[in-house]
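# Coordinate analysis (summary)
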Amino acid sequence: DVYKRQELYRAAAKKCLANGNAFLCYCPPEKYAGGDHAEEGAEAGQVRRVVRCTCRDGQPSPPGTKPAIRFKVPTSGKTTFLDLVFGETEFSNEDIEDFMLLRSGQDNEEFGQPMYQLSVVVDDIDMRITHVIRGADHISNTPKQVLLYRALDAKPPIFAHLPLILGPDRKRLSKRHGATSVSMYRDEGFLHEAFQNFLALLGWAPGGDVEFMRTADLLEKFKLEGVSRTNGVFDKAKLEWFNTQYLQKLPIENLVPQVQQELRRSGLWKEEWSAGAGLQWFTRTVDLLRPRVRLLPDFSAWSRAFFSDEFTIDPAAEAKFWKDPKVPDLLAKLAEALAALPEWNHDACDHALRALAEAEAVKAGLLINATRVAIVGQAVAPPLFDTMVVLGRERVVKRLRAASPAANASA
RNA sequence: GGCGCUAUGGUGCAACGGUUAGCACGCGGCCCUUUCAAGGCCGAAAUACGGGUUCGAUUCCCGUUAGCGCUACCA
């Protein structure tokens, strides 16, 4: 099959040869190598690129050399094409070099591998491609390809060149800018729809001020004609903002499977959360957590105490909210008060805690903050009483009792 | 060097001959508050420069400058 493809490219090159649109080139590969300094007698920095090969008018073949095939670019006139983004575009043929079609053969081969220009055109003709949408770095290649389509008796497709994405240093996005493939952003924990939305707006806008557009909106509104022609800088902060927006606004049933996948990845997932009451609890917990989460992995790390009993108390949180010497005693008393509660819900927890605070003559905030650290190990979490409900009485009481002596040591 | 493309706040986009140049991210402040987010309000911040065309230019034309792309027997 690969072999068949090679034949297709070679046949196309030979067709160009036959109809006078290509020629055999016997120049040694080194002749045009070395970029800007190829031309002999050239002064550094003042070099003109060679665009016409001396073999184009038929040179006697030097003995022992195998030829490559080059395209015979017209020496005058213009080559034009329609670009849906950049408009009707034209290039002077005199500025287009006699580009390579087929490499010279190795060993027993007649000819070698096809060059990029040849293979894409042959493939696209073969696949009956009607629209070629690609990066603007291909604009200069396009007239060469149009010439090739004509030489192969094929109608050129419609082109659309998209502006390039630049790093913060305004250089083309590359490895040194961090993630450069979409899968890397998925691995970092960005939601695919957020990423999609962000990317769509890099080089395009629907015309007004709307920014939050889900896939269906994007599909409906996107037009190639509205794409801008200026390269855009990839702004990761804005991507992150989009992610938090999607984390909060996505229908919960849409988010749950993605969080499930994340917990599977981190080994925190429990099968009992897949259905029934377990799923209900899981959904509720994800919903509670999501306003504060920035990336998917935060569900495993930052929210660990919700999904596992093995979590650690953050020393900074401890230092901030357990510094009052009354804390250990308060936590112990709260544990008992909660254990004795006839029912377990938001208001019951709320009343019990405030009653204790009043009885002990401390501000409710002191107890609330200390409790949060005790039951989730951190200074930051969802509203306390919702957190308590989701964690369940058993775990809350247990964690409070465990925290009491720890807080004592800390205080 | 040649050829091409582009040029609105730090960033992404609006305004496609007439607006106090709009929105969003980010930044600063205030409000809300039980931590932290979210949310609400306020603020600083832009038409690269120079010529034209026009009653009128961010918008059209030319030049300059800058950035990017292409300039391989790479893709």
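A few points on the structure. As the structure is a prediction and not an experimental result, all values here were calculated from the model. (Residues numbered from 1 in each chain as written. Chains lettered and ligands numbered in written order. Predicted model: local features only at pLDDT ≥ 70, side-chain atom pairs only at ≥ 80, totals over all residues.)

## Describing the pairing of strand 2 (residues 68-71)
We count it as follows: Counting other C-beta atoms within 10 Å of a residue's C-beta gives its exposure: the residue is buried at 20 or more, exposed at 12 or fewer, and partly exposed in between, where C-beta atoms are placed from the backbone. Numbering of helices and strands runs from the N terminus, with a helix taken as a DSSP run of H or I at least four residues long and a strand as a DSSP run of E at least two residues long. Strands were regarded as paired on the criterion that DSSP finds at least two bridges between them.
The two faces of strand 2 match: Ala 68 and Arg 70 on one face and Ile 69 and Phe 71 on the other face are all buried. Bridge analysis of strand 2 against strand 5 (residues 100-104) gives two bridges, and the strand direction is antiparallel. Residue pairing in the sheet places Ile 69 in a bridge with Leu 102 of strand 5.

## Quick word on the nonpolar core
What counts, and what does not: A set of buried Ala, Val, Leu, Ile, Met, Phe, Trp, Tyr and Cys residues, joined through C-beta atoms within 7 Å, is what we mean by a nonpolar core. Throughout, a pair of residues is in contact if the C-beta atoms placed from their backbones lie within 7 Å.
Membership of the largest hydrophobic core comes to 46 residues, with the highest contact counts inside it found for Leu 331, Leu 334, Ala 370, Val 373, Ala 374 and Leu 400. Leaving out residues up to four positions away in the same chain, Ala 370 has contacts with Phe 321, Trp 322, Val 327, Leu 330 and Leu 331. The next biggest cluster of nonpolar side chains, apart from the first, holds 27 residues, and it includes Ala 13, Cys 16, Ala 22 and Val 73.

## A few points about helix 7 (residues 236-249)
Put simply, the rule reads: Multiply 1.5 Å by the residue count of a helix minus one, and that product is the helix's expected span. Directions from the helix axis toward the C-beta atoms define the arc.
For helix 7, which comprises 14 residues, the first-to-last C-alpha distance of 20 Å matches the rise-based estimate of 20 Å (1.5 Å per residue) to within 8%. Every buried residue of helix 7 is accounted for by Phe 242, Asn 243, Tyr 246 and Leu 247. The buried side chains of helix 7 occupy one side of the element, clustering within an arc of 140° when seen end-on. Structurally, helix 7 contributes buried residues whose contacts are with helix 5 (192-200).

## Concerning the sheet that holds strand 2
Applicable threshold: Orientation is described by axes fitted as lines to C-alpha atoms, over the contacting stretch for helices, and by angles from 0 to 180 degrees between their N-to-C directions.
Across the sheet, which stays open at both edges, the four strands sit in the order 1-2-5-6 with antiparallel pairing between neighbours. Two strands lie at the open edges of the sheet, namely strand 1 (22-25) and strand 6 (111-114), each paired on one side alone. Strand-to-strand twist in this sheet, taken as the mean axis angle between neighbours without regard to direction, amounts to 30°. Two elements, strand 1 and strand 2, share four bridges in a ladder whose sense is antiparallel. Bridge pairing in strand 2 links Cys 25 to Ala 68.

## Some points on helix 3 (residues 142-151)
Of all ten residues that make up helix 3, eight are buried, and the element is covered over most of its length. Three or more residues of helix 3 are buried, namely Thr 142, Pro 143, Lys 144, Gln 145, Val 146, Leu 147, Leu 148 and Ala 151. Buried residues in helix 3 make contact with helix 1 (2-18), strand 2, strand 3 (78-83), strand 4 (87-92), helix 2 (116-126) and strand 8 (158-162). Where helix 3 ends, the next residue or the one after it, Asp 153, has phi of about 60°, a positive value.

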